[in-house]
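Architecture at a glance
Residue strings, one per chain:
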Amino acid sequence: MRREKVYAVIIPTSDFHGSEYVGEYFKLREYLSGFTGSAGTLVVTLGEAALWTDSRYFLQAERELSGSGIELMKMGESSTPKIEKFLLEKMPENSTLGFDGRTLSCEFAKRLSKTLSEKNISVSSETDYAELVWKDRPPLSAEPVFELPEQICGVSRAEKLSRIREKMKAEHADCLVISALDEIAWTLNLRGNDIEFCPLFLGFMMIFSGGSQTKLFADKEIFSDEIIEKLKADGVEIYGYGEVYSALGDLSCNVWADPKAVNHRFLMSLEDAKIIEKTSPVEMMKAVKNPTEISCEKNAHLKDGVAVTRFMKWLKTSVSSEKITELSAAEKLEGFRKLGENYLGQSFSPIMAYGAHGAIVHYSASEETNAVIEPRGMLLSDTGGHYLDGTTDITRTIVLGDISQEEKRAFTLVLAGHLNLLAARFPEGTRGSALDYAAREPLWQNGLDFGHGTGHGVGFLLNVHEGPQRISFRAQNDAPMQAGMITSDEPGIYIAGKYGIRHESLLLCEKDENDENKGFLRFSPLTLVPFDRDGINKRYLSERQVGLLNDYHRLVFEKLSPLLGEEEKKWLEKATEPI
């Protein structure tokens, strides 16, 4: 830093595309700090270091940062300053802040520049700090790309590009530049494997409104000759991944760029262009699933429901007779998923959290922390899978033996909130921030709460977390719910040092078919796995909630029982008995 003449450096958890999860090449923050969570920003000054992360990772960060000298900054707490305010206080006048402009969003960079201008602090964004300090840095991933057949994705690549161009013309945009990897993959009906758990490939894209020209900037070696020819037939030409910045500099037209998605250097390269700063049209197109995608997702969730139900049966009946650990339980569930047709892999790192580990919201078992699961207490199992026909994300809290009345109360209150949201009816135009109360109301009535959001969007064989919709009372500028969106429903309770409980299913937003509710929307469950009746204390459920649970369990048995063996079917019948 002294050699580069910078007083402070920002190291985010990000690649060049603003991705939530990143490949090994981009994990400089983890390399420097030792913190392995998927979200966090490291700030290093000449005198100190601090790491900002959200409530999902507070306990994990405290453990992993212990002894490092790095101060944990708990985002969302009133005593925690925002990064730009922290830097304004710590940095001397006329000093310089450094960061790799390819890893910071242009929105964040603008906020920094505006705040730090009070002390005439300048910004240096050209240095790749990883290259300076990370001598054994892994190479950029370049895994092969595969194409989704139209019978899976429902709309051809040519049709998607045509629809995007229609939206561009409405905004008088000559060129749409895209850096979000899931938007590129969705538009081109291609998938890859450059990020663990995310079927994406590294690339940038420019779509031009005139004619049919599209430029894709990616490693050409990842495409088969057949895919290259198909892309060319749809007007898509492939250029080198690193050529994008010079190509941006050559643009002198009306360029549509999403400020939330593109990085700082990306926007700075558009020196001669007139920039239209607006959310990418692909974000909403991708979020609202078409009928084919919805049909495929339902099929994927049937296969996933069978796998997780088999896992629950195995765990509850074997925990007294076998040695089962958090890691071996995750492997067992993965084995059940692999039995499903066209299973591709996990959609995120599995969370198998026994006992007190359940209170760590995004706990990840390691050889050092791997707990033996005993026939008492609870296991929080949050896992998901990618199938060729969709992506799943499910949490079930499984009772393994005796639990306290306090735990049963908490288990049931979380379930009550989950059922409330599942049964919500709401007018078109309603945002997730307005729906959040339905899930939290049973908890708030009892002085309880949880720190994370209640729901996130889920992509179609894409990112397990996607926008633009979300369910959280803290949400700002969240998109209204629309029929065709897939969103999670996942309230929870976390008592540090004791236990954690979360119930999560994926919900499909649909138009309400009741004639009296024209203009209204509703949810229907995609996830089909029973809730553990052993954790329920009926006194904490209303009569309506009891009916909702029994209706859900009736649906689970109806859909899954034909796909199970006789012994499994008997177990499921008992697990879904009405309460």
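What comes next concerns the included structure. (Residues numbered from 1 in each chain as written. Predicted model: local features only at pLDDT ≥ 70, side-chain atom pairs only at ≥ 80, totals over all residues. Heavy atoms only, no water.)

1. Quick notes on the state of the cysteines
Chemically, a disulfide is nothing more than a covalent bond linking the sulfur atoms of two cysteines. Evaluation of the coordinates by the stated rule reveals 0 disulfides. C153 provides the cysteine sulfur closest to C198, a residue in no disulfide bond, and the two sulfurs are 19 Å apart. Cysteine C509 remains unbridged, with the sulfur of C296 as its closest cysteine sulfur at 19 Å. (Disulfide = S-S within 2.5 Å.)

2. A few points about the sheet that holds strand β10 (residues 204-208)
Spatial ordering of the open sheet is given by β12-β11-β10-β8-β13-β14, a layout of 6 strands whose pairing is mixed. Bordering the open sheet on either side are β12 (236-239) and β14 (274-277), each of which pairs with just one other strand. Neighbouring strand axes in the sheet, compared pairwise and without regard to direction, differ in orientation by 20 degrees on average. Here 4 bridges tie β10 to strand β11 (residues 214-217), and the two strands are oriented antiparallel to one another. Directly across from F204, in β11, lies its bridge partner F217. Along the sheet face, helix α7 (residues 157-170) touches β8 (175-178), β10, β11, β12 and β13 (254-257) and points at about 65 degrees away from the line of β10. (Pairing = 2+ DSSP bridges. Helix = DSSP H or I, 4+ residues; strand = E, 2+ residues; numbered from the N terminus. Axes fitted to C-alpha atoms, helices over the stretch in contact; angles between N-to-C directions. Contact = heavy atoms within 4.5 Å.)

3. Description of the pairing of strand β28 (residues 499-502)
Burial along β28 is two-sided: the face carrying Y499 and I501 and the face carrying G500 and R502 are both buried. From the end of strand β27 (residues 492-495) to the start of β28, which pair antiparallel, there are 3 residues, and G497 there has a positive phi angle of about 80 degrees. (Buried < 20%, exposed > 50% of the residue type's maximum accessible area, 1.4 Å probe, protein only.)

4. As for the sheet that holds strand β16 (residues 343-346)
An order of β16-β20-β21 is seen for the 3 strands of this open sheet, with the pairing classed as antiparallel. Where the open sheet ends on each side, the last strands, each with one partner, are β16 and β21 (390-391). By the bridge criterion, 2 bridges tie strand β20 (residues 385-387) to β21 in an arrangement that is antiparallel. Residue pairing in the sheet places Y387 in a bridge with G390 of β21. Set on the sheet, helix α14 (residues 326-338) makes contact with β16 and β20; between it and β16 the angle comes to about 160 degrees.

5. Notes on helix α2 (residues 58-65)
Those residues of α2 not exposed but buried are F58, Q60, A61 and L65. Each buried residue of α2 sits inside an arc of 160 degrees when the element is viewed along its axis, so together they form one side. Of the surrounding elements, those touching the buried residues of α2 are α1 (28-33), β3 (49-53) and β4 (71-74). (Arc of directions from axis to C-beta.)

6. Let's talk about the packing of helix α17 (residues 543-560) against helix α18 (residues 566-575)
Taken N-terminus to C-terminus, the directions of α17 and α18 make an angle of 170 degrees; their axes are 9 Å apart at the nearest point. Compared by their axis directions, α17 and α18 come out roughly antiparallel. Residues H553, V556, F557 and L560 of α17 form the contact with α18, whose participating residues are K569, L572, E573 and A575. Per-class residue counts for the contact of α17 with α18 are 5 nonpolar, 1 polar and 2 charged. (Parallel < 35°, antiparallel > 145°, perpendicular 65-115°, else oblique. Nonpolar A, V, L, I, M, F, W, Y, C, P; charged D, E, K, R; others polar.)

7. Here we look at the pattern of salt bridges
If you walk through the whole model with that rule in mind, you get 39 salt bridges. Linking R440 and D436 is a salt bridge whose minimum nitrogen-to-oxygen distance equals 2.5 Å. With R440 and D436 both in helix α16 (residues 432-444) and 4 residues apart, the pair spans about one turn of that helix. Look at R440 and you get buried, because its relative accessible area is 0%. (Salt bridge = Lys/Arg side-chain N within 4 Å of Asp/Glu carboxyl O.)

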